Structure formats: C-alpha cells, structure tokens
Amino acid sequence: MKRNFLIFLFYLIFSGIYAQEEVRSGKIVYVPDFYIQGEIGEGAAYAVFGIKTDSIVYVLTNDSVPLFGNGNLEAKEQICSIGDSVEISGQFHTLIDDNMLTFPAWEINNIKILSAFSPENISGTYTGSLVFIPNPAYTNPCLPGEVMGLQCNGEKYVLSKNGWWDDYMEIGGVLYEMGDSVEIEGVMSTHIDFLNRTYFELEIDTIRKIEEGGEPTGNESLPEMGCVHYDAVFHNIVIETVAPDRLEVFDVWGRCVMKVERPAGSVSVMRLSHGIYFYRLTAAGTTRSGKFVR
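Residues numbered from 1 in each chain as written. Predicted model: local features only at pLDDT ≥ 70, side-chain atom pairs only at ≥ 80, totals over all residues. Heavy atoms only, no water.

### Observations regarding the overall build of the chain
A tally of helices and strands in the chain yields one helix and 23 strands. A burial count over the chain gives 44% of its 294 residues as buried. By element, 52% of the accessible surface of the chain is carried by carbon and sulfur atoms, the whole surface being about 15900 Å². (Helix = DSSP H or I, 4+ residues; strand = E, 2+ residues; numbered from the N terminus. Buried < 20%, exposed > 50% of the residue type's maximum accessible area, 1.4 Å probe, protein only. Areas by Shrake-Rupley, 256 points an atom, 1.4 Å probe, with all protein chains shown as cover.)

### Some points on the pattern of salt bridges
Enumeration over the complete set of coordinates arrives at four salt bridges. The shortest N-O distance in the salt bridge between Arg24 and Glu22 comes to 3.2 Å. In this structure, Lys209 and Asp180 form a salt bridge, with 3.5 Å as the shortest nitrogen-oxygen distance. Here Lys209, found in strand 15 (residues 198-210), pairs with Asp180, found in the loop between strand 13 (174-176) and strand 14 (181-192); they are 29 residues apart in sequence, far enough to count as distant. (Salt bridge = Lys/Arg side-chain N within 4 Å of Asp/Glu carboxyl O.)

### Considering the packing of aromatic side chains
In the structure shown here, the tally under the stated rule is six aromatic pairs. Here the aromatic rings of Tyr30 and Phe49 are separated by 5.5 Å at their centres, their planes lie at 25 degrees, and the arrangement is stacked. A residue pair is termed long-range when its members are at least 10 positions apart, and Tyr30 in strand 1 (residues 22-31) and Phe49 in strand 2 (residues 48-52) qualify at 19 residues. For the pair Tyr30 and Phe49, a shared accessibility class is recorded, and that class is buried. On the numbers, 5.0 Å between centres and 65 degrees between planes, the contact of Phe34 with Phe103 is edge-to-face. Linking Phe34 in the loop between strand 1 and strand 2 with Phe103 in strand 8 (residues 102-115), this pair joins segments that are 69 residues apart in sequence. For Phe103, a relative accessible area of 13% corresponds to the buried category. The structure contains a cluster of three or more aromatic residues connected by ring pairs, namely Tyr58, Phe92 and Trp106. (Phe/Tyr/Trp six-rings, centres within 6.5 Å; stacked < 30°, edge-to-face > 60°.)

### A look at unusual backbone geometry
Even without being a glycine, Ser64 presents a positive backbone phi close to 70 degrees. Positionally, Ser64 belongs in the loop between strand 3 (57-62) and strand 4 (65-66). Positive phi outside glycine occurs at Lys76, with the angle close to 50 degrees.

### Observations regarding the environment of Asp245
Along the chain, Asp245 turns up in the loop between strand 18 (236-239) and strand 19 (246-251). Given the relative accessible area of 25%, Asp245 is considered partly exposed. Sequence-wise, Asp245 and Leu281 are 36 residues apart; in three dimensions their C-alpha atoms are separated by 7.7 Å.

### So, the side chain of Ser89
Relative to the helices and strands, Ser89 resides in strand 7 (residues 85-96). Those residues in contact with Ser89, other than ones at most four positions away along the chain, are Glu21, Glu22, Val23, Trp106, Glu107, Ile108, Asn109 and Asn110. (Contact = heavy atoms within 4.5 Å.)

### Some details on the nonpolar core
Residues Leu60, Leu73 and Ile88 are the most contacted members of the largest nonpolar core, which totals 20 residues. Among the elements that line this core, the one with the most residues is strand 8, at three residues. With sequence-adjacent residues up to four places away left out, Leu60 is seen in contact with Ile28, Phe49, Gly50, Ile51, Val65, Pro66, Leu67, Leu73, Ile88, Trp106 and Ile108. Core analysis: the next-biggest nonpolar cluster, separate from the first, contains 16 residues, Tyr157, Tyr176, Ile184 and Leu202 among them. (Core = buried A, V, L, I, M, F, W, Y, C linked by side-chain atoms within 4.5 Å.)

### Observations concerning the environment of Phe132
Along the chain, the position of Phe132 falls in strand 9 (residues 122-134). Accessibility expressed as a relative area gives 29% for Phe132, which makes it partly exposed. Taking the C-alpha atoms as reference points, Phe132 and Val147, separated by 15 residues in sequence, lie 5.5 Å from one another.

### Considering the pairing of strand 6 (residues 78-81)
Two faces belong to every sheet, and in a regular strand the side chains alternate between them. With four bridges joining them, strand 5 (residues 72-75) and strand 6 adopt antiparallel strand pairing. By the bridge assignment, Glu74 is partnered in strand 6 with Ile79. Hairpin connection of strand 5 to strand 6: two residues between the antiparallel strands, including Lys76 at a positive phi of 50 degrees. (Pairing = 2+ DSSP bridges.)

### Things to note about the confidence of the model for the chain
Mean pLDDT over the chain works out to 75, with 68% of the residues at or above the 70 mark. Ranking the elements of the chain by mean pLDDT puts helix 1 (residues 2-14) last with 42 and strand 7 first with 93. This stretch, residues 1-18, has a pLDDT under 50; its non-local contacts, to residues over four places away or in other chains, come to two contacts. Within the model, the stretch residues 39-44 combines pLDDT values under 50 with 15 contacts to residues more than four positions away or in other chains. (pLDDT = per-residue confidence, 0-100.)

Following this line, the structure appears as structure tokens:
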C-alpha cells in the first residue's frame, strides 16, 4: 500500500500537477489572441494580461483565472501597467480559451516591478499636416475607423481634444480637415494599446492653421472644459456646472459602468477598478465628453 502511494505521488510531481514555484522576468503585455466571450458583443473578446519573456508569452492568472482589464493589472496587492518590466514568482500551467485553443499560463504567487513604463509627457509646439490614423486598439477586435492625427517630423500623433479622439475636428468655429497645415501647442504622451502597439497622443491646448504663406492664422483655443474634471487624489469627478442632467461613465469596451441622474458637486468613482474610462456629461441639451485614468 505504501509503495503504491509513493508511485502515485511520484507521478503527480513529474506530471506537473504539483509544479514547483519558479520565477519569470519580462514585460507586462496584452495577449489579444486569448478569447473570452463577454458582454461586449458577438465576435468581440477581452484582451487578457500576459508576461512576455525572451522566448514565450504567458497568460497571467490569479487562482487559475486569467486577468483582464483596461489599462492596469491588479494582482497580489500590486498595480502594474502595460509595458512595465516585472519579476513574477509562480507556477506554469495551461489554459484553454473559449475558442478551445490552448495557451501557456503563469499563476502569480508574487509580483515585483523592476522598472515602470513611464510615458513622458512633453509640452511643446508641433507643426505638421493633419492626417487620418487608424483607431488605437482599445477593444479586441479593434473598432474599425480612423481618428484625426498630426504628421510631424516623421512621427504621427493621435490628436486628443479634452481627452477625446475624433475623426472630425471643429474648434472655435474653424473646421480642420485632412491635409491642413497646422501649428499645435499641447502635451505629447506615449501609450500602448491592446495589440501591444506603441502610439503617441497629442492633447491640444491651442491650434492654428498655417496658410500658404507659412504664417499661422488665428489662435483657436479649445472650448473651456472647466465644468468637469477628474480629481486623481480623491478619485472624484468634480462638476462645476449648473444643474447637469446626467453623468455617464463608460469603460473602454463602451459599457456604461456608472450613471448618475442630476449629479451635483462631485461624484466618487472609487468603486471602479483601475483603468481607462470615458465620461459623458449632459446638460441643457449639450454633452461634454472626456477621458480619465482611475
């Protein structure tokens, strides 16, 4: 009887069921091919988090459940961002997604950030031509379409107006179209989308058209967005407008995760998990939209 038990224990150990803890180092990435059918529409899927080592990409799990989110990974009391270099102790195992495909996976026991992906926020003046840029992938599959961008010194920048992308840009009564030469004062930042592609975003402070003579014309500032802003210290959406009708908050998959009728003062978003969100404030028949990171 004792001999049979030892043989069985030997089989369990060498079959990987009781795998020893090991350490993997690499970068936090998305694994867009791993398919989990959710509430985001037929044919759409969540992009789960993974760790990319020198030789392989592992799906990251906590209690054998794949981790997915919209910007930041939360595990073992740590918050990591896409692009962070990390060291993870845990065990190897395999997962089968909703398309019945098998993926290597890594169960997290402990996670240590070695170096953070810290996008630079650079204020400056950018001169170039308006172009269309494919949508950054913040859904999987990526929503089809293009957004307005700026081509400047060999780089392309997604243009952001009050934290919002669009394929149409009219500011201060001036319509800006593809091919226009412009001068933009703003803040440039670096981001990584769900397909692990790095892109640059330029938040516009002021924009001027450059006519054929080469001189900027006008100084069109963005409409004032002071009626609503995000307080990153207290995790509130602060509203400074008179009698708004409704506040809605959406995640990156377009799901409404919060709706407040006739909000006043400030609205706490503490209950939301960390990630990227969009808000829409409706007041007097008009809407204001923006983006914030919880």
